[in-house]
Amino acid sequence: MRDFFLTDEDRAFRAEIRGFMERELAPRLDRIEGAEDWDAQLEICRALGEAGYLKVMFRDLYAGSLSAPGLTHAVIVSEEAARLNYAFETTIATALSCAYPLHAHATAEIRERFLLEILEGRAVGSICMTEPNVGSDSAGMETRIRFDESTREWVIDGFKRYISNASKADVYIVWGITDPDVAPQKGMSAIAVPAGTPGLGFPRTYDFMGRRGCVVGEVTLDGVRVPEANLLGAVGGGFRIMLGAFNFERVILGGSGLGVARSAFEIAKAHAESRSAFGRKLGSKQLIWDMIAQMSWRIDASELLTHRAAKMYDAGIDGKELMREASQAKLVATETAVFCADRAVQILGGDGVTRQYGRAEQIYRDARALPIVGGTSEMCKYLIAAREMPSIKPDL
Ligand SMILES: Cc1cc2nc3c(=O)[nH]c(=O)nc-3n(C[C@H](O)[C@H](O)[C@H](O)COP(=O)(O)OP(=O)(O)OC[C@H]3O[C@@H](n4cnc5c(N)ncnc54)[C@H](O)[C@@H]3O)c2cc1C
């Protein structure tokens with residue numbers, strides 16, 4: 001059985017989500033990929049939120065028919081969205097990445113203002129960690145946050161880049177250093193910055209090779225002032241908030257990789273079964289069999305690792321106890337997406353590199369970001385090895 005970790009209820013949920021994506025996402029694909037129409041993304045996001053599908057991993061907020069909603073179901077939503085369009089799936093993933101710290105750490109005031117709005121698809125969130133001099137090494141962050149006692153406001157100065165939904169979001173969760181005199185693990189904080197706050201700027205939007213239809217850009221914070229209540233968790237608790245979100249984000253990214261890999265595989269198989277070469281079906285050639293077999297086992301490995309990690313999370317396992325499994329899921333599924341996208345193009349030959357004959361070239365361009373976002377493959381390998389050899393501190 002391929003989806004060994006899933007229950008019948010999980011499978012029925014997948015069928016429901018696949019139907020939703022065919023109904024809501026499929027008719028808007030040309031607008032997203034071709035016209036890079038942000039409104040198309042918002043329309044589906046709203047429909048997804050109204051159906052309650054963005055709430056599945058927040059059990060206290062979910063009110064649908066699933067008896068035990070959880071990360072497994074958020075992963076299924078990601079898989080089914082990414083199967084049709086990775087760009088739209090990243091909009092879901094970013095919404096969840098923003099909702100997660102708001103749900104766990106925001107004051108009641110901030111939660112009320114933004115959390116349900118995001119999960120019901122009426123608002124867009126953004127998470128701001130990466131900086132020009134700081135990517136994987138997030139502890140080296142240069143953004144500064146200080147408290148102004150006279151006005152009881154937080155004041156933020158910094159520069160963030162590669163920020164999904166920059167300029168489009170309604171709220172930005174910004175990480176920065178509140179105490180430069182201690183280690184960043186204890187001197188970093190996270191804070192909610194509403195759109196429209198004076199000093200918040202968006203100087204540049206990037207032009208990416210793939211994920212067309214997404215908005216990713218720079219965010220500048222120039223003396224940005226927000227009320228005291230906008231701090232998430234405790235002062236100095238930002239690094240822990242960041243680490244706390246990594247496990248669930250990486251499992252979700254396992255779902256993204258799976259969806260992209262499956263779509264490439266479906267295209268490759270259909271071509272191998274229909275195209276003829278040297279008087280026989282292309283699919284009968286041993287070198288093609290090798291590619292099909294490799295895609296098949298890599299996808300199954302991705303699926304098993306991703307669903308295992310999601311089920312562990314749903315069983316209450318998180319933190320260090322999930323780090324190895326979440327990193328394995330992210331690493332294997334996202335590298336599998338790149339592998340399958342590449343092999344699909346190869347099997348399609350000339351058709352694989354044109355825009356006229358299907359989606360293979362788009363999937364190839366889209367997939368490449370997956371082993372970079374949300375913790376690179378190299379960082380995932382460090383985390384896996386660190387859990388395997390706890391007595392040795394990795395030399396990063
Ligand atoms: C499309 C897209 C969307 C994004 N969205 C967001 C977002 O919404 N919010 C946000 O905060 N960030 C976002 N990012 C940023 C993303 O998280 C970073 O790109 C990623 O963490 C890597 O950081 P970097 O690009 O600075 O690369 P670096 O950290 O500079 O790494 C460059 C390369 O060196 C490798 N490397 C680094 N250190 C080591 C080491 N010690 N040993 C071996 N290899 C190493 C890395 O694995 C990588 O291959 C996004 C990025 C992209 C491309």
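Just so you know, these numbers come straight off a predicted model, no measurement behind them. (Residues numbered from 1 in each chain as written. Predicted model: local features only at pLDDT ≥ 70, side-chain atom pairs only at ≥ 80, totals over all residues. Heavy atoms only, no water.)

K.L.:
Honestly, the pairing of strand S7 (residues 216-227) in this entry has me stumped. Any pointers?
P.N.:
Every regular strand shows the same layout, with side chains that alternate between the two sheet faces. In the sheet, strand S3 (residues 153-164) pairs with S7 via ten bridges, with the strands oriented antiparallel. In the strand pairing of S7, Asp157 is matched with Asp222. Here strand S6 (residues 200-201) runs beside S7; their pairing, made up of two bridges, is antiparallel. Residue pairing across strands places Gly201 opposite Thr220, the latter belonging to S7. (Pairing = 2+ DSSP bridges. Helix = DSSP H or I, 4+ residues; strand = E, 2+ residues; numbered from the N terminus.)

K.L.:
Help me understand the pattern of salt bridges, please; the structure alone is not making it clear to me.
P.N.:
Opposite charge on two side chains allows them to pair when their charged atoms are near. In this structure the tally under the stated criterion is 33 salt bridges. A salt bridge links Asp3 to Arg11, with the nearest nitrogen and oxygen atoms 2.9 Å apart. You can call Asp3 buried: its relative accessible area is 16%. Overall, the relative accessible area of 24% leaves Arg11 in the partly exposed class. Across the pair Arg83 and Glu266 runs a salt bridge whose closest N-O atoms are separated by 3.2 Å. Highlighted residues: Arg83 in helix H4 (residues 71-84) and Glu266 in helix H8 (residues 238-274), separated in sequence by 183 residues. Bridged by salt links that share partners, the residues Arg14, Arg18, Glu22, Glu79, Glu80, Arg83, Arg262, Glu266 and Glu303 form one connected network. (Salt bridge = Lys/Arg side-chain N within 4 Å of Asp/Glu carboxyl O. Buried < 20%, exposed > 50% of the residue type's maximum accessible area, 1.4 Å probe, protein only.)

K.L.:
Before we go on, may I ask you to explain the environment of Cys214 in this structure?
P.N.:
Of note, Cys214 is situated in the loop between S6 and S7. C-alpha of Cys214 to C-alpha of Tyr86: the two residues are 128 residues apart in sequence and 9.6 Å apart in space. Those residues in contact with Cys214 that sit more than four places away from it in its chain are Gln41, Ala87 and Thr90. (Contact = heavy atoms within 4.5 Å.)

K.L.:
Honestly, the site of the ligand in this entry has me stumped. Any pointers?
P.N.:
Around the ligand there are 20 residues in total, and Thr130, Ser136, Tyr162, Thr376 and Glu378 lie nearest to it. Met129 is positioned with one of its backbone polar atoms (N or O) 2.9 Å from an oxygen atom of the ligand. Glu378 has a polar side-chain atom sitting 2.6 Å from an oxygen atom of the ligand. Those elements giving two or more residues to the shell around the ligand turn out to be strand S1 (125-128), S3 and helix H12 (377-388). Of the residues belonging to the shell around the ligand, the class tally is twelve nonpolar, six polar and two charged. (Near = heavy atom within 4 Å. Polar contact = N/O pair within 3.5 Å; in protein donor to acceptor, adjacent residues only side chain to side chain. Nonpolar A, V, L, I, M, F, W, Y, C, P; charged D, E, K, R; others polar.)

K.L.:
Can you help me understand the UniProt feature "domain: Acyl-CoA oxidase/dehydrogenase middle" (unreviewed entry) in the protein in this one?
P.N.:
This chain's UniProt record puts "domain: Acyl-CoA oxidase/dehydrogenase middle" (unreviewed entry) on residues 127-224. Within residues 127-224, the helical portion is 4% and the strand portion 45%, while the C-alpha atoms at the span's ends are 16 Å from each other. (UniProt positions renumbered as here; feature names shortened; annotations may be inferred.)

K.L.:
I keep staring at the packing of H8 against helix H9 (residues 286-314) and nothing clicks. Help me out?
P.N.:
A pair of packed helices is captured by two measures, namely the crossing angle of their axes and the spacing between those axes. Relative to each other, H8 and H9 sit at 155°, their axes nearing to 9 Å. Between H8 and H9, the angle falls in the class roughly antiparallel. Between H8 and H9 lies a crossing of left-handed hand. Contacts between H8 and H9 pair Phe248, Val251, Gly254, Gly255, Leu258, Ala261, Arg262, Phe265, Ala268, Lys269 and Ala272 from the former with Ile288, Ile292, Met295, Ser296, Ile299, Ser302, Glu303, Thr306, His307, Ala309, Ala310 and Tyr313 from the latter. (Axes fitted to C-alpha atoms, helices over the stretch in contact; angles between N-to-C directions. Parallel < 35°, antiparallel > 145°, perpendicular 65-115°, else oblique. Left-handed = near helix turned anticlockwise from the far one by under 90°.)

K.L.:
Teacher, can you tell me more about empty space enclosed by the protein here?
P.N.:
In this approach the atoms are scanned with a rolling probe the size of a water molecule, which exposes any empty space left behind. Taken as a whole, this structure holds three cavities of 30 Å³ or more when the rule is applied. Approximately 40 Å³ is the volume attributed to the largest cavity. In terms of lining, the largest cavity is formed by Cys45, Leu54, Thr91, Thr94, Ala95, Ile118, Ala123, Val124, Gly125 and Asn165. Here the lining of the largest cavity takes three residues from helix H5 (residues 86-105), the largest share from any one element. (1 Å grid on protein atoms, 1.4 Å probe; cavity = no way out; pocket = protein on both sides within 12 Å on 5 of 7 lines; lining within 4 Å. Points joined across faces, edges and corners; volume = space filled by probe spheres on them.)

K.L.:
Is there a simple way to explain the UniProt feature "domain: Acyl-CoA dehydrogenase/oxidase N-terminal" (unreviewed entry) in the protein in this structure?
P.N.:
Cross-referencing UniProt, the feature "domain: Acyl-CoA dehydrogenase/oxidase N-terminal" (unreviewed entry) maps to residues 7-121 in the present numbering. Taken end to end, residues 7-121 comprises 71% helix and 0% strand; its first and last C-alpha atoms sit 28 Å apart.

K.L.:
Whenever I open this one, a nonpolar patch on the surface confuses me. Can you help?
P.N.:
Together, Phe4, Phe5 and Leu304 make up an exposed nonpolar region whose accessible area comes to about 280 Å². Of note, Leu304 is situated in helix H9. A residue is classified by how much of its surface remains accessible, and Leu304, at 35% relative accessible area, is partly exposed. (Patch = residues over 30% accessible without salt bridge, like charges linked within 9 Å, V, L, I, M, F, W, Y side chains within 5 Å. Areas by Shrake-Rupley, 256 points an atom, 1.4 Å probe, with all protein chains shown as cover.)

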